[in-house]
Amino acid sequence: MYRTKLHTFLLLTSSVITLFCSCNKAYKGDNYTAYFGGEVTNPNNPYILFCRNSEVIDSAKIDENNRFFIKFDSLTPGLYTFKNEPEYQYVYFDKNDSIMVRINAKDFDNSIIFCGRGDQKNNFLMEMYMKNEDDRSKLFDAFDYSITDFTKNIDSSYASKKKFYDTKKDAVKWSEDFDKYAKASLDFHHYAKKEMYPTAHMMRTGEDIIENLPANFYDYRKTIDFNDIKLCSFSPFVTYLTYMLNNMSTIHYHNHYTPLDLALRTNINKLNFADSLIKNKAVKNIILNNIAFTYLLEDQNMVNNKIFLDTYHKYSTDKSKKNEILKIGTAIQMLKIGNVLPKVELVDANNQLISSDNIAKKKTVIFLWTDNLSSHMHAAHKKILALKALHPDYQFIGINLDKDQDLWKAKLHDLKYAGITEYRCTNFEDLKANWAIMKVHRTIVLDQNGAIKNAFTNLFDVNFEKEL
C-alpha cells in the first residue's frame, strides 16, 4: 500500500521534489538548515502549523495549488508536530532533513506519506501508528478472554510489530534519539492494553479479575522512565500513562459513592500517583495538567472542582501565565453562587457588539451550541422551547461558539426556533477564561438580579428543572 501511495505521490508532485532534491547537498558541521513542505488536498483551514511541545514555532499558508513550504535556517533535531487544525501528526527531523508530506485532510492519518531526506523514519512512525490503530479496533473482543488467552493474543501482536520494528531499524539505521520514539510507539501501545485489561474485562464480563492477575503482570512498569522529558508530550506515552493512572486509581468497592464523588476520588488518586511516580518537575506538571484538564472538562460540580484544584495546586509547580488550569481555577472561583457573571463580549444577528452584563434583565438560562454538533444543537433548542412554555418568567439565551457570523445567521434562519434570544461568542478563549467553558454541554442559570444561581449545570440533567 505504501509503495503505491508513494509512486502516486512522486508523479503528482514532481516539481516540488525537484526543489527538495536540491537540498541533498553537503552541509557544514554547524549548519542546521532544514526544509518542510508538501501538498494538502481538502485542507481543513488555510494554514499548516509547525509545533514543538505544543508551541507553534512556524506556520505556512497553503497556496492555491494546495502546497506549502517552510525553510528553517536552523532547526534543532527532534520530534515536532504539524497541524492542519483540528488534525495533527508527528514529524521527526534529523540534522538537515528535507521532508515533504502529502495529506488528504478528509482522511488525514490514512493518507499521509512522506518523501525526501528523512522520509523513511517518518514513514515508519506512520506505519506503526496505523498498525496500532488497526490493532486497537480488533482489541475489544480480546478483553473477554481469560488472562492466559489475553496475554497470548497481545504477545502475538507485539511479536509481529517487533519484527517490523527490528527490520526497519536495521535497514534505515536511524539515530539513537529517534529510536526513543520508534521503540515507544511499539512498547507503550502494548503496555496500554495490559493496563486496560482488568477494567475492560470487568465491564464486558462482570468478572473482577484483579486478584487473579499474575504477580509479574505489570513488571514492565519497573523499566519505564516516567521522568523522560522527551516522551512527556508523545502520544503513545501519554496515552499509556493515562490508562496506567486510570488503572492504579480505580476504586473497586464504590457502591456507596455518587458518580460525582467517585469521579472526584478517582481523579485525586491520579494526582497522588502522578506525584509519587514522577520526580522531574517539568514532566510532572505536564501530566498533572493533563489529568486536571480532563477532569475539569467532565465535572460540572463547583464544590468538587475546588477540592480537586486544591490537590492539584499542592503538587503542581507550574505557575506560568500560560497554564490553562490556573486560568480555569480562577474562572471557577468567580462563578460562585451569588456572584455576577463575569463580562464577555457577544455579537447579535445585526452585527452589534453586546456586553454580557447587559443581557440578564430577568431570570435567565444560558445554554451553548455549535453547528459542529448538529444533534446537540437541535436537541438543546427543542428542550429550551419546552422549558420556555413551562417557565414564562425566564428568558432563554443561546450562545453560539462558531467563528463565522454569516454562517451563524444562516443557521439561525434555518432553525426558526422562535422566542429564544441568540448571540454569538466573538472570542472562545475569552469565554473559556471568564466562564470556565470547556465543553458545549454547559448551562448557566441566573436569578432575577443577574446573579449566579448555578454556573455548572447541564440542560439535559434529569434534575435540571429543580434549578428553576
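This is a predicted model, so every value here is computed, not measured.

What counts as what
- Residues numbered from 1 in each chain as written.
- Predicted model: local features only at pLDDT ≥ 70, side-chain atom pairs only at ≥ 80, totals over all residues.
- Heavy atoms only, no water.
- Pairing = 2+ DSSP bridges.
- Helix = DSSP H or I, 4+ residues; strand = E, 2+ residues; numbered from the N terminus.
- Axes fitted to C-alpha atoms, helices over the stretch in contact; angles between N-to-C directions.
- Parallel < 35°, antiparallel > 145°, perpendicular 65-115°, else oblique.
- Contact = heavy atoms within 4.5 Å.
- Nonpolar A, V, L, I, M, F, W, Y, C, P; charged D, E, K, R; others polar.
- Buried < 20%, exposed > 50% of the residue type's maximum accessible area, 1.4 Å probe, protein only.
- Salt bridge = Lys/Arg side-chain N within 4 Å of Asp/Glu carboxyl O.
- Expected span 1.5 Å × (residues − 1).
- Core = buried A, V, L, I, M, F, W, Y, C linked by side-chain atoms within 4.5 Å.
- Phe/Tyr/Trp six-rings, centres within 6.5 Å; stacked < 30°, edge-to-face > 60°.
- pLDDT = per-residue confidence, 0-100.

1. Regarding the sheet that holds strand β9 (residues 345–347)
Judged by pairing direction, the sheet is mixed, and its seven strands sit side by side in the order β10-β9-β13-β12-β11-β14-β15 without closing on themselves. For this open sheet the edge positions go to β10 (353–355) and β15 (452–457), each flanked by a neighbour on one side alone. Strand-to-strand twist of the sheet, defined as the mean angle between neighbouring strand axes without regard to direction, takes the value 30 degrees. In terms of strand pairing, β9 meets strand β13 (residues 421–425) through two bridges, oriented antiparallel. Looking at the pairing, Leu-346 lines up with Cys-425 of β13.

2. Remarks on the packing of helix α8 (residues 259–277) against helix α10 (residues 302–315)
Where α8 contacts α10, the axes come no closer than 10 Å and their chain directions differ by 0 degrees. The orientation of α8 with respect to α10, classified from their angle, is roughly parallel. Two secondary-structure elements touch here, α8 through Leu-260, Asp-261, Leu-264, Asn-267, Ile-268, Leu-271, Asn-272 and Asp-275 and α10 through Asn-304, Ile-307, Phe-308, Thr-311, Tyr-312 and Tyr-315. Across the contact of α8 with α10, the residue classes tally to eight nonpolar, four polar and two charged.

3. Comments concerning the sheet that holds strand β6 (residues 87–93)
Sheet strands pair by backbone hydrogen bonding; their relative direction is either parallel or antiparallel. Read from one edge of the open sheet, four strands run β3-β2-β5-β6, paired in antiparallel fashion. In this open sheet, the two edge strands, each paired with only one partner strand, are β3 (55–61) and β6. Averaged over all neighbouring strand pairs, the angle between strand axes comes to 25 degrees, with direction disregarded.

4. Quick look at the pairing of strand β7 (residues 98–104)
Counting buried residues in β7 gives five out of seven residues, a clear majority hidden from the surface. Here strand β1 (residues 34–41) runs beside β7; their pairing, made up of seven bridges, is parallel. When the sheet's bridge partners are listed, Gly-38 is paired in β7 with Val-101. Direction of pairing for β7 relative to strand β8 (residues 113–117): antiparallel, over a ladder of five bridges. The partner of Ile-99 across the bridge, within β8, is Gly-116.

5. Regarding the pattern of salt bridges
Evaluation of the coordinates by the stated rule reveals 23 salt bridges. In this structure, Glu-133 and Arg-136 form a salt bridge, with 3.0 Å as the shortest nitrogen-oxygen distance. In this pair, Glu-133 and Arg-136 both sit in helix α4 (residues 119–137), three residues apart, roughly one turn of the helix. Between Lys-327 and Glu-324 there is a salt bridge whose closest N-O contact spans 3.9 Å. Here the residue Lys-327 and the residue Glu-324 both occupy positions in helix α11 (residues 324–333), the gap between them amounting to three residues, near one helical turn. The class of Glu-324 is partly exposed, set by a relative accessible area of 27%. Each of Glu-324, Lys-327, Glu-429 and Lys-432 takes part in a single network of salt bridges with overlapping partners.

6. Brief notes about helix α12 (residues 374–390)
The first and last C-alpha atoms of α12 sit 25 Å apart over 17 residues, in line with the 24 Å expected at 1.5 Å per residue. Looking at the buried residues of α12, the elements they touch are β11 (364–369), β12 (395–400), α13 (405–415) and β13.

7. Remarks on the nonpolar core
By size, the foremost hydrophobic cluster in this structure holds 85 residues, and its most contacted members are Phe-124, Tyr-240, Leu-296, Phe-308, Ile-366 and Trp-435. Discounting residues that sit within four places of it in the chain, Ile-366 has contacts with Leu-341, Ile-359, Ile-397, Ile-399, Trp-435, Arg-442, Thr-443, Ile-444 and Leu-446.

8. Things to note about the packing of α4 against helix α5 (residues 147–172)
It is at 11 Å that the axes of α4 and α5 come closest, and there the two elements cross at 175 degrees. The pairing of α4 with α5 is recorded here as roughly antiparallel in orientation. Facing α4, whose interface residues are Gln-120, Lys-121, Phe-124, Glu-127, Met-128, Lys-131, Asn-132 and Asp-135, α5 presents Ser-157, Lys-161, Phe-164, Tyr-165, Lys-168 and Val-172. Looking at the contact of α4 with α5 residue by residue, the class counts come to five nonpolar, three polar and six charged.

9. A word on the packing of aromatic side chains
Counting across every chain of the model gives 36 aromatic pairs. On the numbers, 6.0 Å between centres and 70 degrees between planes, the contact of Tyr-191 with Tyr-240 is edge-to-face. With Tyr-191 in helix α6 (residues 176–205) and Tyr-240 in helix α7 (residues 235–249), this pair connects stretches of sequence that are 49 residues apart. This pair shows no difference in class: Tyr-191 is buried, exactly as Tyr-240 is.

10. Overview of the confidence of the model for the protein
Here the protein shows a mean pLDDT of 88. Residues at 70 or above account for 92%. Note that residues 1–27 has pLDDT below 50 and, in this model, 48 contacts with residues that lie over four places away or in other chains.

11. Focus: α7
With 15 residues, α7 extends 21 Å between its outermost C-alpha atoms, agreeing within 8% with the 21 Å of an ideal straight helix rising 1.5 Å per residue. Looking only at α7, the buried set comprises Pro-236, Phe-237, Val-238, Tyr-240, Leu-241, Met-244, Leu-245, Asn-247 and Ser-249. Those residues of α7 hidden inside the fold are in contact with α6, α8 and α9 (281–298).

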